[in-house]
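# Structural characterization, general
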Amino acid sequence: MKIEDIRRSITTPLSSPAYPAVGSRFTNREYLNIVYRTDAEALRAIVPEPLEIDEPLVRFEVMKMGDSTAYGPYVEAGQAIQVSYDGEKGEYLHAMYLDNFAATAAGREISAYPKVMGQPALTVDNGALLGTLDYGSVRVATATMGYKFYPLDFEEAKAQITAPTFMLKIVTDLDGQQLSAKLVRTEISDITVKEAYTGPARLQLFQHVLAPLADLPVLEIVSASHINTDLTLAQSVPVYDYLAEAKATEGARK
């Protein structure tokens, strides 16, 4: 394989890349969202500066991808923390668990999504929308919501899932030294809301050392929604460079 061929490659294995070099359009992306109040000190311990916390609110989400370009159907679950950056309100993506390796690898490498493998699911069970997350053989999250109890305004539903999202992108050298450490921003675009509902909800989290969702305990359920959409994810862009800021600070001290 020639050098110019390697330069055009996006990932390995070169003969069968872990994910394709295409963008994704999501069709029938179904959400279960449960927003809950948690411990403020626990949030401060994990939310990276320069993001700021206004209220100690977390959104537990389960997303069932009816179809996605290049990856097909899969399910994803995780936690998003309400934050603000430079006056703009959004969410910090804390942890995401998927049952699709290609989507996991692409989300981490191409962008900055904090994705790891897990076994999330979204089903309807005896009149309740049921979202679960297993890590290995252990159930670490169980979310339930009344199935299509009350209609939710489409504009409100759209606002819930199109808030800007912030993530950390860290790249290291072979010796473990950071080559890049940036806070990046992305958002959902080209969205069509097809269905939207709200209703009563509950959320249980289980303590697990490798899937520590319960480190952000559920103190109060604030809201819940069930939304079906078509959408596209915008490319992530850097908004804060940790290494550059560290160099600038060090230079100012000299």
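Further up the page is the structure itself.
Let me begin by describing the structure that accompanies this report.

## Considerations on the overall build of the protein chain
- Within the protein chain one finds five helices and 15 strands.
- The C-alpha atoms of the protein chain give 19 Å as radius of gyration, which agrees with the globular expectation for 254 residues (18 Å, within 12%).
- Each principal axis of the C-alpha distribution contributes one length, and for the protein chain these read about 60 × 50 × 40 Å.
- The buried share of the protein chain, reckoned over its 254 residues, is 44%.
- Accessible surface for the protein chain amounts to roughly 13300 Å². Of this, 52% is attributable to carbon and sulfur atoms.
- A gap of 4 Å separates the mean positions of the 23 positive and 33 negative side-chain charges of the protein chain.

## Here's the deal with the sheet that holds strand 6 (residues 119–125)
- Here four strands make up an open sheet; going across it, the order is 6-7-8-13 and the pairing antiparallel. Each having just a single partner strand, strand 6 and strand 13 (201–205) make up the two edges of the open sheet. Averaged over all neighbouring strand pairs, the angle between strand axes comes to 15°, with direction disregarded.
- Pairing geometry for strand 6 and strand 7 (residues 128–135), over seven bridges, is antiparallel. Looking at strand 7, one finds that Ala121 is bridged to Thr132.

## So, the packing of aromatic side chains
- A complete count under the given rule lists four aromatic pairs for this structure.
- For the pair Phe149 and Tyr150, a centre-to-centre distance of 6.0 Å together with 90° between the ring planes defines the contact as edge-to-face.
- The ring centre of Tyr113 lies 5.0 Å from the NZ or CZ of Lys115, which sits over that ring.

## Some words on the pairing of strand 14 (residues 220–233)
- Where strand 1 (residues 25–37) meets strand 14, eleven bridges bridge the pair, whose relative direction is antiparallel. Note on strand 14: the bridge partner recorded for Asn33 is Ser225.
- Here strand 12 (residues 188–198) pairs with strand 14 via seven bridges, running antiparallel. The residue of strand 14 that forms the bridge with Ser189 is Thr232.

## Some words on the side chain of Ser111
- With respect to the secondary-structure elements, Ser111 resides in the loop between helix 3 (101–109) and strand 5 (115–117).
- Residue Ser111 is classed as buried on the basis of its relative accessible area of 13%.
- At 2.6 Å, the side chain of Ser111 and the side chain of Ser236 are in polar contact.
- The residues touching Ser111, leaving out its near neighbours within four places in the chain, are Ala106, Met167, Lys169 and Ser236.

Quick notes on the rules
- Residues numbered from 1 in each chain as written.
- Predicted model: local features only at pLDDT ≥ 70, side-chain atom pairs only at ≥ 80, totals over all residues.
- Heavy atoms only, no water.
- Helix = DSSP H or I, 4+ residues; strand = E, 2+ residues; numbered from the N terminus.
- Rg over C-alpha atoms; globule rule 2.2 N^0.38 Å.
- Buried < 20%, exposed > 50% of the residue type's maximum accessible area, 1.4 Å probe, protein only.
- Areas by Shrake-Rupley, 256 points an atom, 1.4 Å probe, with all protein chains shown as cover.
- Lys, Arg positive; Asp, Glu negative; His and termini not counted.
- Charge placed at Lys NZ, Arg CZ, Asp CG, Glu CD.
- Pairing = 2+ DSSP bridges.
- Axes fitted to C-alpha atoms, helices over the stretch in contact; angles between N-to-C directions.
- Phe/Tyr/Trp six-rings, centres within 6.5 Å; stacked < 30°, edge-to-face > 60°.
- Lys NZ or Arg CZ within 6 Å of the ring centre and 35° of its normal.
- Polar contact = N/O pair within 3.5 Å; in protein donor to acceptor, adjacent residues only side chain to side chain.
- Contact = heavy atoms within 4.5 Å.

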